[in-house]
Structures are given as structure tokens and as C-alpha cells.
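The residues making up each chain are set out below.
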Amino acid sequence: MSRQAALQLDTRRREIDEELEALMDVLRSHNSTLTSPLVDDEGFPRADLDVHAIRIARNRIAMLRNDRVDITNQMAEAMRLAFLEPPGGGASSTMPNGFSSSVDDSASSVSSSSAVHNTLKPFAQINSVTPDSPADQAGLRQGDVLLSFAGLSAQDPEDAPSLSALPPLVVESRQIEIIVKRGSEILTLQLTPRPGAGHRGLLGCHLLPL
């Protein structure tokens, strides 16, 4: 799945959530829920309800919920392939992301922040790093805050990317630039995902959304 396709899925899921909320408002405006009865004790449509409008809203909600499940499954599969399983590897119950540097440990792998970097908003945090993994060797540390991943970033908290948009950006042996904040310092790292015997996935640390 390409980066653009993943972003489109995430956008579509957000649109579905907004439409679902609007449809629930329709039901509430008619003093109805998804399960409240639409007929009276004698089996006739209730005169106090707009039964037709309620049925249309309920049917649309059911369709959208099915669509949302399909989209979520597609995004979950993309995350599993990109973050959890290296080629020929097994699955994991978490999202361990391992980074390996494509350069040595010289100062060229880390650069100081720029004025542009200072405008970036954090959207994920490094929750753990596997010892001796590519992430550990690249210098990532638990507690580092992710500001940018392969160019994916946000300058407004409302526009923060979802972690589900990251898997398509992870390709074995293809260098990724990430920007992290560690305390008051902002670091730019050039990282190359790769599988390894001591960690799962193409990466080697665990990301949590903020």
C-alpha cells in the first residue's frame, strides 16, 4: 500500500466518523436510538415518530459501520506488514518499530534543529527501544518525541498525522529521515529500516500516539 493510499484511507475513516455522528444526531432529534421500537403495541408505525427518516438513518449507519470496519482492517494489515513482520518473520502483538542508521555514529547523522523544525508539533513518542536493535544503534532513546517521519509532520496539533499513515513509508533498506525532540534538543536522524535477529519488524522500538 502506498503512502497516498494510506492517507486516503485515514481521511475516509475520519469522514465516516463525522457522518456517523451527524446521523446519530438525526436519531436523537427524533427521540430515537438504534434499537428503540418504531411500532406500537399493536404493530403499527408509531405516530409520534418520523419512522421513514429514522429507518433511512439507521440503514445508513449500518452501511457506514461496515465500511469503517473494512477500512480499519486494511489499515491494520498495512501496519502489520510494515511494522510487525520483516520478510520471513513472525508477527507481534505490539507495534515495534526499529530504526537503523545508514551512516556511522559521526556527527553527520545528527544535525541541529532549524527554525522550521521548531514549528513542528509532536504526534508520537518512542515508548521503548530494544537493546542492540537498529533503533538502539541509531541513537534513539525511550522518551524521544517524534516530530517528523519521512516528511510526514504537522505544524498544527489538529493536523497531526495518524500512526496508521506511517507503515507505507517503511521500506527495507530505504533511508528515512526522522526528526525527534529530546528534552530541549531537536535531532534529525537518517535511518534505514532493516530486519534483524534480535528484534521484530523492520524497526526496533515501540511508538505510541500522543
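The following refers to the structure shown. (Residues numbered from 1 in each chain as written. Predicted model: local features only at pLDDT ≥ 70, side-chain atom pairs only at ≥ 80, totals over all residues. Heavy atoms only, no water.)

### A look at the overall build of the protein
Moving on, step 1. The number of helices and strands found in the protein is three helices and eight strands.
Moving on, step 2. Its helices and strands taken in sequence order, the protein reads α-α-β-β-β-α-β-β-β-β-β from the N to the C terminus.
Moving on, step 3. Within the protein, the proportion of its 210 residues that are buried is 38%.
Moving on, step 4. In the protein, the proportion of contacts linking residues at least 24 apart, taken out of those at least 6 apart, comes to 68%.
Moving on, step 5. With an accessible surface of roughly 11400 Å², the protein has 50% of that area assigned to carbon and sulfur atoms. (Helix = DSSP H or I, 4+ residues; strand = E, 2+ residues; numbered from the N terminus. Buried < 20%, exposed > 50% of the residue type's maximum accessible area, 1.4 Å probe, protein only. Contact = heavy atoms within 4.5 Å. Areas by Shrake-Rupley, 256 points an atom, 1.4 Å probe, with all protein chains shown as cover.)

### Things to note about the pattern of salt bridges
Moving on, step 1. Throughout the structure, instances matching the rule amount to 10 salt bridges.
Moving on, step 2. Salt-bridge contacts for R68 lead to D17; the nearest nitrogen and oxygen are separated by 2.5 Å. Remark: D17 occurs in helix α1 (residues 3-29) and R68 occurs in helix α2 (residues 51-84); sequence separation between them is 51 residues.
Moving on, step 3. Of the charged contacts in the structure, one is a salt bridge between R46 and D48, with a shortest N-O distance of 2.7 Å.
Moving on, step 4. Residue classification places D48 among the exposed residues on the basis of a relative accessible area of 54%.
Moving on, step 5. Salt bridges sharing common partners tie together D10, R13 and R14. (Salt bridge = Lys/Arg side-chain N within 4 Å of Asp/Glu carboxyl O.)

### A short note on unusual backbone geometry
Moving on, step 1. The backbone of N31 sits at a positive phi, close to 55 degrees, despite the residue not being glycine.
Moving on, step 2. Along the chain, N31 falls in the loop between α1 and α2.
Moving on, step 3. By relative accessible area, N31 is classed as exposed at 69%.

### Points about the side chain of S36
Moving on, step 1. By secondary structure assignment, the location of S36 is in the loop between α1 and α2.
Moving on, step 2. Given the relative accessible area of 17%, S36 is considered buried.
Moving on, step 3. Here S32 takes part through its side chain, which lies 2.9 Å from a polar atom of the side chain of S36. (Polar contact = N/O pair within 3.5 Å; in protein donor to acceptor, adjacent residues only side chain to side chain.)

Read these as layout, nothing more, since geometry by itself doesn't imply function.
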